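Commentary on secondary and tertiary structure
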Amino acid sequence: MSTVSWTEDDICSTARWHSENGALPSDAIVLVDDSTTADVACRMARAGTGMLWRGDFHNARQLLRAMGRRVDRKAPLGGDPAEAFRRYRASRRRRAEVLGKLLVLLEDDYSLTLRRAPDVRRACTEAYGAPAGRTVVALTELLGVLGAAQWREKGVYVPALGERIHPHYGVFSPVRGEYVDLVASAPPPARVETAFDLGTGTGVLAAILARRGCGRIIATDNSLRALTCARANLDRLGLSSVAVRGPALFPDGKADLVVCNPPWLPGTPTSALEGGVYDENSSMLHAFLSGLRAHLRPGGEGWLILSDLPEHLGLRTRNELLHRITTAGLGITAQLTTRPTHHRAHNPTSPLHHARARETTSLYRLTPR
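Predicted model, so just to flag it, every value in this text is computed and none were measured.

1. Some words on the sheet that holds strand β3 (residues 29-32)
Ordered by their spatial adjacency, 6 strands build an open sheet running β1-β2-β6-β5-β4-β3, and the pairing between neighbours is mixed. Among the strands making up the open sheet, the edge pair consists of β1 (3-8) and β3. Here the average twist between neighbouring strands, direction ignored, is 40 degrees. The pairing of β1 with strand β2 (residues 11-17) spans 6 bridges and is antiparallel. Bridge assignment links Thr3 to a residue of β2, and that residue is Arg16. Set on the sheet, helix α5 (residues 139-154) makes contact with β5 (102-106) and β6 (135-138); between it and β6 the angle comes to about 85 degrees.

2. A closer look at the packing of aromatic side chains
For the coordinates displayed, the defined rule picks out 4 aromatic pairs. On the basis of an interplanar angle of 80 degrees and a centroid distance of 6.4 Å, the ring pair of Tyr128 and Tyr169 is categorised as edge-to-face. With Tyr128 in helix α4 (residues 121-128) and Tyr169 in the loop between β8 (163-165) and α6 (178-185), the pair connects residues that are 41 residues apart, well separated along the chain. With a relative accessible area of 19%, Tyr128 lands in the buried category.

3. A short note on the pairing of β6
Burial of β6 is two-sided: the residues Thr135 and Val137 facing one way and the residues Val136 and Ala138 facing the other way are all buried. Looking at chain direction, β2 and β6 are connected through 2 bridges and run parallel. Counterpart to Trp17 in the pairing with β6 is Val136. Where β5 lies against β6, 4 bridges are found, and the strand directions are antiparallel. Opposite Leu103, over in β6, you have Ala138 as the bridge partner.

4. Here we look at the domain arrangement of the chain
In many analyses, interface size is given as the accessible surface area lost on bringing the parts together. As assigned here, the chain comprises domain 1 (3-151) and domain 2 (155-368). Taken together, the contact pairs 18 residues of domain 1 with 21 residues of domain 2. Together domain 1 and domain 2 conceal approximately 1600 Å² of surface at their shared face, both sides included; 61% is due to carbon and sulfur atoms. Three residues stand out in domain 1 for area buried against domain 2, namely Phe85, Arg89 and Trp151, and they jointly supply 40% of the buried area on that side. Applying the counting criterion to the domain 1 and domain 2 interface returns 1 salt bridge. Between Arg225 and Glu20 there is a salt bridge, with its nearest N and O atoms 2.7 Å apart.

5. A few points about α4
Listed in full, the buried residues belonging to α4 are Ala123, Cys124, Ala127 and Tyr128. Buried residues in α4, looked at end-on, bunch into an arc of 105 degrees, giving them a common side. Buried residues in α4 make contact with β5, β6, α5 and α8 (224-236). Directly beyond the C-terminal end of α4, a positive phi value near 90 degrees is found at Gly129.

6. As for the environment of Ala123
Along the chain, Ala123 falls in helix α4. Taking the C-alpha atoms as reference points, Ala123 and Ala149, separated by 26 residues in sequence, lie 5.4 Å from one another. If we ignore the near neighbours within four places in the chain, the residues touching Ala123 are Val145, Leu146 and Ala149.

7. Quick word on the packing of α6 against helix α7 (residues 204-211)
The interhelical angle for the contact between α6 and α7, taken along N-to-C directions, is 25 degrees, at an axis separation of 9 Å. In terms of orientation, α6 lies roughly parallel with respect to α7. Relative to α7, α6 is oriented so that their crossing is right-handed. Mapping the contact onto sequence places Tyr179, Val180, Val183 and Ala184 in α6 and Val204, Leu205, Ile208 and Leu209 in α7.

8. Some words on the side chain of Glu359
By the element assignment, Glu359 lies in the loop between α12 (353-356) and β17 (361-368). Looking at Glu359, its side chain comes within polar contact range of the side chain of Ser307, at 2.6 Å.

Criteria and thresholds
- Residues numbered from 1 in each chain as written.
- Predicted model: local features only at pLDDT ≥ 70, side-chain atom pairs only at ≥ 80, totals over all residues.
- Heavy atoms only, no water.
- Pairing = 2+ DSSP bridges.
- Helix = DSSP H or I, 4+ residues; strand = E, 2+ residues; numbered from the N terminus.
- Axes fitted to C-alpha atoms, helices over the stretch in contact; angles between N-to-C directions.
- Contact = heavy atoms within 4.5 Å.
- Phe/Tyr/Trp six-rings, centres within 6.5 Å; stacked < 30°, edge-to-face > 60°.
- Buried < 20%, exposed > 50% of the residue type's maximum accessible area, 1.4 Å probe, protein only.
- Domains from an automatic or database assignment.
- Buried area = accessible area lost by both parts, 1.4 Å probe.
- Salt bridge = Lys/Arg side-chain N within 4 Å of Asp/Glu carboxyl O.
- Arc of directions from axis to C-beta.
- Parallel < 35°, antiparallel > 145°, perpendicular 65-115°, else oblique.
- Left-handed = near helix turned anticlockwise from the far one by under 90°.
- Polar contact = N/O pair within 3.5 Å; in protein donor to acceptor, adjacent residues only side chain to side chain.

Given below as structure tokens:
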């Protein structure tokens, strides 16, 4: 366990350090408050100094936004798509590092003793578990925890289910509905007594399969948070035919239908939530393809749901994907496609818009060759 220390009123104080993205604690921490300007804060943050906030909570959020505007001043991302994407990712990492230096102290019960601070205790308990002593976290992380708590309470309406799915902290939310709609509309194999949903996340695709009349369904994930989230959603929906297993990718046994919606972008995630977007070395995609044949019953098939955004960004070619499928002893019997409807796909000011505007999402029906 890492700790941080600082001096306040001539007294040395110490607390646990917690970072969901694995950021190391600053060697030096100073106290800052409402009098601290964004320019001064950015200068200290770039020097590696942690800044423990002691002012008004809402002023801290305003300072964070002002710091973000200064960090975001950068050159356009034009040029080679792969190089533009690397610059974009590097700029996001730098942004996270700088803004992550503005810190807050959570007391023994996760309370936040700042002026006009909200009650964060429930949100922190849902995200982190039971309190374990005074803890220092980045304000950006705490805001993410609060946002996740709101999504968890409100839920995300899924038209294909006619129900709400409630994502937990660190579990990717099904806000991009096009992949859900593909699974809801794709023609299934002639008989589906058993189906696997690999990397289930919130459990949304397992719920879709259950509502479509698939028999026994096993949903898996490597994330303990996702397993807890999926169980809660499936129990809420009364879908007793779905068993949640893990941490694992493939469960034991074979199935008539194996569904996998791996993270679409090759790359290293910088947080638990980014694990739903970035698949380091495409390891989950490759593990699914290489293991599919051994887990299919005769006449069964696998459904791979994947975006072609990496192809438009120069991160992976279509031939590379097809080669992976072929070398795994699989063939594509059909490909269903759809266009994304999320706002970034239609926002010309969004970073990497040139690639997002051409993106399609596909459901590949795979069978052994």
